[in-house]
Amino acid sequence: MASNSISTSRSSNSSWTAKQDKQFEVALATFDKDTPDRWQNVARAVGGKSAEEVKRHYELLIRDVNDIESGRYPQPRYRNTN
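Here the structure is a predicted model, which means the values were calculated and not measured.

Definitions and limits used
- Residues numbered from 1 in each chain as written.
- Predicted model: local features only at pLDDT ≥ 70, side-chain atom pairs only at ≥ 80, totals over all residues.
- Heavy atoms only, no water.
- Axes fitted to C-alpha atoms, helices over the stretch in contact; angles between N-to-C directions.
- Helix = DSSP H or I, 4+ residues; strand = E, 2+ residues; numbered from the N terminus.
- Parallel < 35°, antiparallel > 145°, perpendicular 65-115°, else oblique.
- Left-handed = near helix turned anticlockwise from the far one by under 90°.
- Contact = heavy atoms within 4.5 Å.
- Nonpolar A, V, L, I, M, F, W, Y, C, P; charged D, E, K, R; others polar.
- Buried < 20%, exposed > 50% of the residue type's maximum accessible area, 1.4 Å probe, protein only.
- pLDDT = per-residue confidence, 0-100.
- Salt bridge = Lys/Arg side-chain N within 4 Å of Asp/Glu carboxyl O.
- Phe/Tyr/Trp six-rings, centres within 6.5 Å; stacked < 30°, edge-to-face > 60°.
- Lys NZ or Arg CZ within 6 Å of the ring centre and 35° of its normal.

**A few points about the packing of helix 2 (residues 18-30) against helix 3 (residues 38-46)**
And step 1. Closest axis-to-axis distance for the helix 2/helix 3 pair is 8 Å, and the angle between their directions is 140°. Relative to helix 3, the element helix 2 lies oblique. Helix-helix and strand crossings are classified by hand; for helix 2 and helix 3 the assignment is right-handed. On helix 3, the residues touching Q20, Q23, F24, A27 and L28 of helix 2 are R38, W39, V42, A45 and V46.
And step 2. By residue class, the composition of the contact of helix 2 with helix 3 is seven nonpolar, two polar and one charged.

Next comes the structure, spelled out in structure tokens:
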């Protein structure tokens with residue numbers, strides 16, 4: 001269920017490649033919340049995205065994490081492969 005929410009929320013923005021998602025993660029670690037012009041820097045690091053797009057992508061990520069942590073989605077039940 002959570003993965004559907006994540007893919008739906010992300011696809012409603014613009015398409016993000018796996019490479020852009022990884023660049024986004026690295027950029028967030030590099031440019032913290034106190035960095036001046038954070039979203040412009042993150043957008044530049046990702047490439048092909050505007051400051052508004054990366055900020056929205058971040059907001060959706062935070063929403064998804066909060067939903068998962070609040071218990072809105074059940075924890076996956078993995079099968080034991082032993």
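**Digging into helix 3**
In an α-helix there are 3.6 residues to a turn, and that puts residues three or four apart on one side.
And step 1. If you check which residues of helix 3 are buried, you get R38, W39, N41, V42, A43 and V46.
And step 2. The inward-facing, buried residues of helix 3 contact helix 2 and helix 4 (51-69).
And step 3. G47, located one to two residues past helix 3, shows a positive phi value of around 80°.

**Focus: unusual backbone geometry**
And step 1. One non-glycine residue, D37, lies in the positive phi region at around 55°.
And step 2. Residue position: D37 is located in the loop between helix 2 and helix 3.
And step 3. Residue classification places D37 among the exposed residues on the basis of a relative accessible area of 53%.

**Some details on the confidence of the model for the protein**
And step 1. Summing up the model confidence of the protein, the mean pLDDT is 85 and the portion of residues at 70 or higher is 83%.
And step 2. Averaged pLDDT values over the elements of the protein bottom out at 41 in helix 1 (residues 2-11) and peak at 98 in helix 3.
And step 3. Predicted confidence is poor over residues 1-13, with pLDDT under 50, and the contacts of this stretch with residues over four places away or in other chains come to 19 contacts.

**Overview of the packing of helix 2 against helix 4**
And step 1. Two elements in contact, helix 2 and helix 4, have axes separated by 12 Å at closest approach and are oriented at 85°. With respect to helix 4, the axis of helix 2 lies roughly perpendicular. The residues of helix 4 that touch helix 2, namely those facing D21, F24 and L28, are V54, H57, Y58 and L61.

**A few points about the pattern of salt bridges**
And step 1. Taken as a whole and assessed by the stated rule, the structure comprises three salt bridges.
And step 2. A salt bridge links K22 to E25; the nearest nitrogen and oxygen atoms lie 3.7 Å apart. One end of the pair is K22 and the other is E25, both in helix 2 and three residues apart, which spans about a single turn.
And step 3. Owing to a relative accessible area of 47%, E25 belongs among the partly exposed residues under this scheme.

**Points about the packing of aromatic side chains**
And step 1. Evaluated as defined, the whole model comprises two aromatic pairs.
And step 2. Look at W16 and F24: their rings are 5.5 Å apart centre to centre, the planes differ by 70°, and that puts the pair in the edge-to-face class. With respect to burial, W16 and F24 carry one shared label: buried.
And step 3. Ring plane angle 45° and centroid distance 5.1 Å describe the contact between W39 and Y58, whose orientation is recorded as tilted. Taken as a pair, W39 in helix 3 and Y58 in helix 4 lie far apart in primary sequence, 19 residues in all.
And step 4. A relative accessible area of 26% means that Y58 is categorised as partly exposed.
And step 5. Just above the ring of Y58 sits the side chain of R38; from NZ or CZ to the centre is 5.2 Å.

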